[in-house]
Amino acid sequence: QVQLVESGGGLVQPGGSLRLSCAASGSIFSVVSMGWYRQAPGKQRELVAVFRSGANSNYADSVKGRFTISRGSAENTIDLQMNNLKPEDTAVYYCAADRSSGVRSWGRGTQVTVSS
């Protein structure tokens, strides 16, 4: 089993930046990819960015050029740097880890609110 804990959410003005971090623990040896998803009120959860070691990262069209997913400075962490934030980026952001077995683990989420 893989446990995920997100941090770094908060309130920011339009045009501002936030950095989210996800710390993984447990059976991390089986993880093949990690990513960030988000869910806005009344909307379905959607992919934001996914990171695979040794491969290119993938981004939703809506965040390309503004968000960057990368390994974190701490061990077994993955970060999401979010720049030029827009009100439509407001959502609960979830970290996800996919294991080689096909099982996906989720974190509890962290709220990001972009508002003036």
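Every chain is numbered on its own, with residues counted from 1 as its sequence reads. Residue-level local features of this predicted model are given only where pLDDT is at least 70; pairs of side-chain atoms are given and counted only at 80 or more, and the full residue set underlies all totals for whole chains, interfaces and linings. Excluding hydrogens and water, the side-chain values take into account all heavy atoms of the structure.

An account of the overall build of the protein is needed here, citing residue identities and associated values.
Helix and strand assignments come from DSSP, with helices taken as H or I runs of at least 4 residues and strands as E runs of at least 2, each series counted from the N terminus. A tally of helices and strands in the protein yields zero helices and eleven strands. Order of helices (α) and strands (β) in the protein, N terminus to C terminus: β-β-β-β-β-β-β-β-β-β-β. Taking 13 Å as the expected radius of gyration for a compact globule of 116 residues, we find that the protein reaches 13 Å, a close match to that expectation. Along the first, second and third principal axes, the C-alpha atoms of the protein reach 40 × 25 × 25 Å. Only protein chains enter the accessibility calculation, which uses a 1.4 Å probe; a residue is then buried when its area is under 20% of its type maximum, exposed when over 50%, and partly exposed in between. When each of the 116 residues of the protein is scored for burial, the buried share is 41%. Pairs at least 24 apart in sequence give 54% of the contacts found in the protein among residues at least 6 apart. Method for areas: the Shrake-Rupley scheme with a 1.4 Å probe, in which residue coverage is limited to the protein chains shown. Carbon together with sulfur atoms contributes 46% to the accessible area of the protein, which is approximately 6,300 Å² in total. When charges are counted, Lys and Arg are positive and Asp and Glu negative, with His and the chain ends excluded. For this purpose, a charge sits on NZ of Lys, CZ of Arg, CG of Asp or CD of Glu. Averaged over its 12 positive side-chain charges, the protein has a centre that lies 2 Å from the centre of its 8 negative ones. When we talk radius of gyration, it's over C-alpha atoms, and the globule rule is simply 2.2 Å times the number of residues to the 0.38. Any pair of residues with heavy atoms lying within 4.5 Å of one another is described as a contacting pair.

Tell me about the state of the cysteines, residues and numbers included.
Every disulfide links exactly two cysteines, by a covalent bond between their sulfur atoms. Two cysteine sulfur atoms form a disulfide, by the criterion used here, when they sit within 2.5 Å. For the structure on display, the rule yields one disulfide. The residue that forms a disulfide with Cys-22 is Cys-95, at a sulfur-sulfur distance of 2.1 Å. Taking the torsion about the S-S bond as the criterion, the Cys-22 to Cys-95 disulfide, at about -80°, is left-handed. On the criterion of sequence distance, the pair formed by Cys-22 in strand E3 (residues 18-26) and Cys-95 in strand E9 (residues 91-99) is long-range, its members being 73 residues apart. The same class applies to Cys-22 as to Cys-95, namely buried.

Give a detailed account of the pattern of salt bridges, specifying residues and quantitative values.
By definition here, a salt bridge exists when the distance from a side-chain nitrogen of Lys or Arg to a carboxyl oxygen of Asp or Glu is within 4 Å. Scanning the model with the defined rule gives six salt bridges in all. One salt bridge connects Lys-64 with Asp-61, and the closest N-O pair in it is separated by 3.1 Å. Asp-61 matches Lys-64 in its accessibility class, with the two residues each being exposed. A salt bridge links Asp-89 to Arg-66, with the shortest nitrogen-to-oxygen separation between them at 2.8 Å. Taken as a pair, Asp-89 in the loop between strand E8 (77-82) and E9 and Arg-66 in the loop between strand E6 (58-59) and strand E7 (67-71) lie far apart in primary sequence, 23 residues in all.

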